[in-house]
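Examination of the molecular architecture
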Amino acid sequence: MTALTLSRPTSALLVEDIQAPIPAGFVLDSGDLLGDSYISLRLAGAPDAPKVLALGGISAGRDVCGPSGWWRETLIDHAGIDLQRFCLIGVDFAPLGDQRVRFSPRDQARLLVAALDHLQTPRLHAFVGASYGGLVGLAFAELAPERLDRLCVISAAHRPCAQASAWRGVQRRIVEFGALHDDAAGGLALARQLAMITYRTADEFDARFGAGVDASGRGPVDGYLEARGKAYPAAIGAKRWLSLSESIDRALLAPESISTPTTLAACFEDQLVPLALVQELADRLPDVRGFHSFHSQYGHDAFLKEPARIAGIINACLKEQLDV
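Here the structure is a predicted model, which means the values were calculated and not measured. (Residues numbered from 1 in each chain as written. Predicted model: local features only at pLDDT ≥ 70, side-chain atom pairs only at ≥ 80, totals over all residues. Heavy atoms only, no water.)

**Remarks on the pairing of strand S5 (residues 87–91)**
Most of S5 sits out of view: five of its five residues are buried. By the bridge criterion, three bridges tie strand S4 (residues 51–55) to S5 in an arrangement that is parallel. Pairing of Leu53 across the sheet is with Ile89, part of S5. Note that the unit made of S4, helix H1 (residues 72–77) and S5 has a crossover that is right-handed. (Buried < 20%, exposed > 50% of the residue type's maximum accessible area, 1.4 Å probe, protein only. Helix = DSSP H or I, 4+ residues; strand = E, 2+ residues; numbered from the N terminus. Pairing = 2+ DSSP bridges. Right-handed = clockwise from strand over helix to strand, strands pointing away.)

**Structural notes on the side chain of Ser155**
As for its position among the elements, Ser155 is in the loop between strand S7 (151–154) and helix H4 (162–180). Those residues in contact with Ser155 that lie beyond four places of it in its chain are Ser131, Ala265, Asp270, Val273, His300 and Phe303. (Contact = heavy atoms within 4.5 Å.)

**Comments concerning the pattern of salt bridges**
All told, the structure shown has 23 salt bridges when counted by the stated rule. Of the charged contacts in the structure, one is a salt bridge between Arg62 and Asp17, with a shortest N-O distance of 3.3 Å. Of this pair, Arg62 sits in the loop between S4 and H1 while Asp17 sits in strand S2 (residues 12–21), placing them 45 residues apart in sequence. Residue Arg62 is classed as partly exposed on the basis of its relative accessible area of 26%. Close ionic contact of Arg100 with Glu246 constitutes a salt bridge, the shortest N to O distance being 2.4 Å. With Arg100 in the loop between S5 and helix H2 (105–118) and Glu246 in helix H8 (residues 238–249), the pair connects residues that are 146 residues apart, well separated along the chain. Given the relative accessible area of 13%, Glu246 is considered buried. Sharing partners across several salt bridges, the network here consists of Asp17, Arg42, Arg62, Asp63 and Asp92. (Salt bridge = Lys/Arg side-chain N within 4 Å of Asp/Glu carboxyl O.)

**Description of the nonpolar core**
As a rule of thumb, soluble globular proteins bury nonpolar side chains together. Membership of the largest hydrophobic core comes to 74 residues, with the highest contact counts inside it found for Ile39, Phe127, Phe140 and Trp241. Excluding its chain neighbours within four sequence positions, the residues that come into contact with Phe140 are Ala109, Leu112, Val113, Leu116, Leu124, Phe127, Pro145, Arg147 and Leu148. Counting 31 residues, the second largest nonpolar core, distinct from the first, contains Leu13, Leu88, Val128 and Ile313. (Core = buried A, V, L, I, M, F, W, Y, C linked by side-chain atoms within 4.5 Å.)

**Some remarks on the packing of aromatic side chains**
A complete count under the given rule lists six aromatic pairs for this structure. Considering the side-chain rings of Trp70 and Trp71, the 4.8 Å spacing of their centres and the 20° angle between planes classify their relative orientation as stacked. Considered together, Trp70 and Trp71 belong to a single accessibility category, that of buried residues. For the ring pair Phe205 and Phe209, a centre distance of 5.5 Å and an interplane angle of 80° mean the geometry is edge-to-face. Here Phe205 pairs with Phe209, and both are found in helix H6 (residues 202–209), just four residues apart, close to one helical turn. (Phe/Tyr/Trp six-rings, centres within 6.5 Å; stacked < 30°, edge-to-face > 60°.)

If you want it as structure tokens, here you go:
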């Protein structure tokens, strides 16, 4: 165990990494076998407090709110969650190794059920999922409603939109082309550049980079994209990335079958999860407790880049649960 230092209030809480064994004979819905033997978790906060599971995009992991945690600014600096009243669970998405398997958000949800059994946690206080994590949250609520009090879904819906699937398909073919030419990492770096364009908006790129190129034919935006692409293969293997990217496009849920009280949040400028798609989800869910729509130049990445706004949505959802 280690200690987690918080910005507010100033205190230290326990952090524990846990490896929950995957049940023997676990087979993915596709029929593929998973090479992993365990689910990698991190608990942060008050150990005996109500549990809140927080999942993000496919690049996010179990370090949710540590010093370099992917959601620290939202959850800690902007007080999205009070870790003296809750225990936060972060997860490394399967597959952990660099393997390519036909995975679905429902498979991730099945693994989470096994992890909660290992933790002896019969019921979550809340599941907060953003981007891919929102897909897994919806799948979890459909699969095991008895294990969940409340669901908060941010920048995600019950199915992919065709344009987003098209972008991801091109990215996967770029990685496959690179692998075919013995440069899977180079293909992944180039695919990441394309992905970064879909995460943000034209307004943000115009304000940040402007127009024009230098004598070499490159402009400021090229340098930014190339740097993001170059760094990415160190964070995730090409085969694992292909598995998780495909998993997004395997999501197809029936909102009517999800009885868990749900809070939704969507950005008008999100190119990957259009507001109309989240509205469709809201119209079909039996129990929507809140639907927050907002503008942001960050588009899909608003769940990361608008910490104050997102923290308020999460905090309100958790507090509403406390009053139930």
